[in-house]
Amino acid sequence: MIQKLERKKMVITGDYAAAYGGMISGAEVVAAYPITPQTLIVEDFATFVNDGITDAEFIMVESEHSAMSACIAAQAAGARTFTATSSQGLALMHEMLFIAASLRLPIVMPVVNRTVAAPIGIWCEYNDSMPQRDTGWMQMSCEDNQEVLDMVIMSYKIAEHRDVLLPIMPCLDAFILSHTVEPVEAPSSDEVAQYLGKYEPVAKLDTENPMAIGTFAPPEYIQELRYHNHMAMENAKRVIREVTRDFARTFGHDYHGLIEEYRCDDADVVLITIGTVTGTAREVVDELRERGKKVGLVKLRFYRPFPREELQKIAERVGAIGVYDRAVSFGSGGPMFIETRHALYGHSIPIMNFLAGIGGRDVMKKDVEKMFEMLLEAKEGKTSKEIVWIGTRGVTP
Amino acid sequence: MYEIRFHGRGGQGGKMAAEAYALAAFLEGNYAVSFPFFGAERRGAPVKAFTRVDDKKIRIKTQVYEPDYVVVLDETLIETQDVLEGLKKDGTVIINTQRKPEEVRLSKPVKCATVDATGIALEVLGRPITNTAILGALARATGRVKIESVEQAIMEKFGARLGRESGEKNARAARMAYEQTLVGTSQGGKEFVPRPQWLPDVHEMPIGGAIGTMKTEAGLIGIGSFVENKTGDWRTFIPAIDKEKCIGCRFCWFYCPEGCISMVEGKAEVNYDYCKGCGICAHECPAKAIEMTREVKA
Ligand code: SF4
Ligand code: SF4
């Protein structure tokens, strides 16, 4: 139960937005371990509990591994849960992530994207969340703090949907969102309660009606369960499109499904971005448009499930596609680039990969301009570069 | 190429036997592979192991479905396992039993070799570990490897692990079995009824594999289904409790992995429907009130 909260505008950090989203969604059990730059989420939620704004059970644990274990157990017992982590903390959780997804527990966990050591860095890189690709979690990235709050609420709606039942990590960029304050509009507790409804588990641990979950299974059983998880992820695409449409009608903020197109209609080339770089890239698109360059932007929101169908439609109408990545799959390329090329198999247009902002290096407007410049060259056949490192000393883009 | 399937119980060393046979074949210049297939690893549970032998590199990685030879390390497995499944037309089954081949009843008459590997093991090793003795019988029945190679393989495999003396004893057990093996034809006519299995398709499979108590074509599954899983038929040795000697200390009750010992009027009592005959109770009993004896089933 939470106190009655009115609709209000606040000037808050991304971390506060994440914590507020979990609280107002009615998370009943929270287990988390602090790590920079997610620490504020844990502190803010603890404050909500301390101040009696929510009577959620706040479990102090000694590691992220235990945090996820506690959430798995609580969710399996029928509670709506919430946790958050970052970087090494997410890496430590890794083995439990598979269990949460395979047991089909719709846990919501904001992840503040921070570089994974070595060397030790606390700034933004996606080499923490993207390597969790195959654990079975849904994974998406936010552009601003409003999206963080809205997305945590929507996460419960998507994850708990009967055709999905998968855990989800809405991601936010370290510091660029986590520690940045900006105005955010929060819905009232009544509106959220009505929107989400009560969490009704399909199966739960109950002493009156005993249930075994996560037991030993020989090869005769596991393949069918893996098929289930794959189909649930495929179903999630439809559900995400429905939920964002529904959310827009109810709360007035439209996130357009798995991707958002920005000035793509008549674009010659488009750049696919993720996370906060999207905001900067919007500015660059506007400026280049003023200079008569027909460029467009695709904000990729979901990395899992991957918006294959949406990107295929865009590829039919443009002359070149660029993919921005803030992580590297060593020996292959950026994770989103790999996915995009796979999704666009059969399309003959140039597809380029731009690696920038690694380790939290600021991605500036001139960096994004460079990406568009190279894309326009690629469209004219003037370059055949594939993987381009932007702003790397001693490496020519 | 020829293929062998070993049927044993968890803890009996069927995997070691399959490996030692592969080594023996290798020592004679063949190419050989051997691998186990475990179910829920649990002492006493039915397990399988496989060996393939050829004169050139073996590439196939599947389990063996049409064996030339089947080795049964424990005759009680005949009741619950379809030991003849897929056996080639001229294939041979090698069984550890006190019976003669003609006294063994299977689903059909097949070439059969028998040896009392348990008796030999008890005599030579002082323990009912039959995996080396049975290799002697296998060498005899197949005629495909020399007993000397089997002895050498045992020395290398078991001697290295358990010491030279133990290696020699195991080699002797194999030699004795080789000499005592009887080869003949089994009886047929004992129909094997396979236990039905619960194999849900993607539509029937519960979400997340969460299972309450469920009645299926394979009987009860999930919570409480252990009641129907009568592990008593895994038993080759049976405990007998001498109530005069029992001091009621509950050690056996505490250590029994099947939880099938109860205390009745201060004395231990075994439920033989579930006792799998592991002997842990006898090992733990401070009053030496429990004796394990070899069980002979009809
Ligand atoms: S009663 Fe003894 S022999 Fe039987 S299962 Fe228990 S410990 Fe093993
Ligand atoms: S361990 Fe031996 S003495 Fe103790 S209760 Fe069991 S049978 Fe009796």
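Residues numbered from 1 in each chain as written. Chains lettered and ligands numbered in written order. Predicted model: local features only at pLDDT ≥ 70, side-chain atom pairs only at ≥ 80, totals over all residues. Heavy atoms only, no water.

## Quick word on the sheet that holds strand β7 (residues 138–141) of chain A
Hydrogen bonds between backbone atoms are what pair the strands of a sheet, whose relative direction is either parallel or antiparallel. All names here are of chain A. Stated formally: When DSSP finds two or more bridges between two strands, those strands count as paired. In this description a helix means any DSSP run of H or I spanning at least four residues, a strand means any run of E spanning at least two, and both kinds are numbered starting from the N terminus.
Read across the sheet, 5 strands follow the order β5-β6-β8-β7-β13 without closing on themselves; strand pairing throughout is mixed. The sheet is open, and its two borders are formed by β5 (85–86) and β13 (302–304), each paired with just one other strand. Pairing geometry for β7 and strand β8 (residues 168–173), over 4 bridges, is parallel. Each bridged residue has a counterpart across the sheet, and for Gln-139 the counterpart in β8 is Met-169.

## Notes on the layout of surface pockets
Residues and elements named next belong to chain B. What counts is decided by this rule: With a 1 Å grid laid over protein atoms only, a set of points is called a cavity when a 1.4 Å probe fits there but cannot get out and a pocket when it is open yet has protein on both sides within 12 Å along at least five of seven lines; lining residues have an atom within 4 Å of a point. Grid points are joined across faces, edges and corners, and a volume is the space filled by probe spheres set on the points. Basically, the charged four are Asp, Glu, Lys and Arg, the nonpolar ten are Ala, Val, Leu, Ile, Met, Phe, Trp, Tyr, Cys and Pro, and anything else, Gly included, counts as polar. Start and end positions for the domains come from either an automated domain assignment or a database one.
There is about 1300 Å³ of room inside the second largest pocket. Lining the second largest pocket are 48 residues; nearest its centre among them are Gly-11, Gln-12, Arg-43, Pro-128 and Ile-129. Breaking the lining of the second largest pocket down by element, the ones donating at least two residues are α1 (14–27), α3 (117–124), α5 (147–162), α6 (164–180) and β13 (290–294). In terms of residue class, the lining of the second largest pocket is built from 15 nonpolar, 19 polar and 14 charged. Shared between two domains, the lining of the second largest pocket holds at least three residues of each, these being domain 1 (2–185) and domain 3 (230–294).

## Focus: the packing of helix α7 (residues 219–251) of chain A against helix α9 (residues 308–315) of chain A
All names here are of chain A. The cut-off we apply is this: Angles here are taken between N-to-C directions and fall from 0 to 180 degrees, while the axes themselves are lines fitted to C-alpha atoms, restricted in helices to the stretch in contact. When an angle is under 35 degrees it counts as roughly parallel; over 145 it counts as roughly antiparallel; between 65 and 115 it counts as roughly perpendicular; any other value is oblique. The contact criterion used throughout is that any non-hydrogen atoms of two residues lie within 4.5 Å.
Interhelical geometry of α7 versus α9 gives an angle of 70 degrees and a closest axis separation of 10 Å. Our classification of the angle between α7 and α9 gives roughly perpendicular. In this structure, α7 contributes Glu-234, Lys-237 and Arg-241 to the contact, and α9 contributes Arg-308, Glu-309 and Glu-310. Looking at the contact of α7 with α9 residue by residue, the classes come out as no nonpolar, no polar and 6 charged.

## Overview of the side chain of Arg-9 of chain B
All names here are of chain B. To keep things clear, this is the line we draw: N or O atoms within 3.5 Å of each other form a polar contact, as long as, within protein, one can give a hydrogen and the other can take it, and as long as residues adjacent in sequence are counted only when both atoms are side-chain atoms.
Note that Arg-9 resides in strand β1 (residues 2–9). In this structure the side chain of Arg-9 is engaged in a polar contact, spanning 3.0 Å, whose partner is the side chain of Thr-76. Within polar-contact distance, the side chain of Arg-9 engages the backbone oxygen of Trp-234 at 3.1 Å. Not counting chain neighbours up to four residues away, the residues in contact with Arg-9 comprise Gly-44, Ala-45, Pro-46, Val-47, Asp-74, Thr-76, Leu-77, Asp-233 and Trp-234.

## Details of the site of ligand 2
What counts is decided by this rule: Only a single heavy atom is needed: when it lies within 4 Å of a molecule or strand, its residue is near that molecule or strand.
Around ligand 2 lies a shell of 13 residues, among which Cys-246, Cys-249, Arg-250, Cys-252 and Cys-285 of chain B are the nearest. Class assignment of the residues belonging to the shell around ligand 2 gives a composition of 11 nonpolar, 1 polar and 1 charged.

## Focus on the domain arrangement of chain A
All names here are of chain A. Rule in force here: Accessible surface is computed with a 1.4 Å probe, and the buried area is the amount of it that two parts give up when combined, taken over both parts together. Just to be clear on terms, a salt bridge is a Lys or Arg side-chain nitrogen sitting within 4 Å of an Asp or Glu carboxyl oxygen.
According to the domain assignment, chain A consists of domain 1 (8–251) and domain 2 (259–389). Computed from C-alpha coordinates alone, the two centres of domain 1 and domain 2 are separated by 28 Å. Residue-level contacts link 29 residues of domain 1 with 25 residues of domain 2. When domain 1 packs against domain 2, the two sides together hide about 2300 Å² of surface, and 57% of this comes from carbon and sulfur. Taken together, the connections running from domain 1 to domain 2 amount to 10 salt bridges. Between Glu-234 and Arg-308 there is a salt bridge, and its shortest N-O distance comes to 3.5 Å. Our count for the contact surface shared by domain 1 and domain 2 stands at 14 residue pairs in polar contact (both at pLDDT 80 or more). Of all the secondary structure elements, the ones that give two or more residues to the side of domain 1 that touches domain 2 are β7, α5 (145–159), β8 and α7. The greatest single-element share of the side of domain 1 that touches domain 2, amounting to 7 residues, is contributed by α7.

## Regarding the environment of Trp-198 of chain B
The following threshold applies: Only protein chains enter the accessibility calculation, which uses a 1.4 Å probe; a residue whose area is less than 20% of its type maximum is buried, one above 50% is exposed, and one in between is partly exposed.
Relative to the elements of secondary structure, Trp-198 of chain B occurs in the loop between β7 (182–185) and β8 (214–216). Overall, the relative accessible area of 11% leaves Trp-198 of chain B in the buried class. In this structure, the C-alpha to C-alpha distance between Trp-198 of chain B and Lys-215 of chain B, residues 17 residues apart in sequence, is 9.8 Å. Ignoring sequence-local partners within four residues, the contact set of Trp-198 of chain B consists of Tyr-221 of chain A together with Pro-206, Ile-211, Met-214, Thr-216, Glu-217, Ala-218 and Ile-221 of chain B.

## With respect to the sheet that holds strand β4 (residues 81–82) of chain A
Pairing is parallel in the open sheet, where 3 strands are placed in the order β3-β2-β4 (chain A). Unpaired on one side and paired on the other, β3 (57–60) and β4 of chain A mark the two borders of the sheet.

## Digging into the packing of aromatic side chains
Just so we agree on the cut-off: Stacked, tilted and edge-to-face are the three classes applied to pairs of Phe, Tyr and Trp rings, where Trp contributes its six-membered ring and a pair requires centres within 6.5 Å; stacked means planes under 30 degrees apart, edge-to-face means over 60, and tilted covers the rest.
According to the stated counting rule, one finds 12 aromatic pairs over all chains in the structure shown. For the ring pair Tyr-16 of chain A and Phe-48 of chain A, a centre distance of 5.6 Å and an interplane angle of 75 degrees mean the geometry is edge-to-face. With Tyr-16 of chain A in helix α1 (residues 14–24) and Phe-48 of chain A in helix α2 (residues 39–50), this pair connects stretches of sequence that are 32 residues apart. Take Phe-48 of chain A: its relative accessible area is 4%, and that puts it in the buried class. Measuring from ring centre to ring centre gives 5.8 Å for Tyr-2 of chain B and Tyr-69 of chain B, while their planes differ by 85 degrees; the resulting arrangement is edge-to-face.

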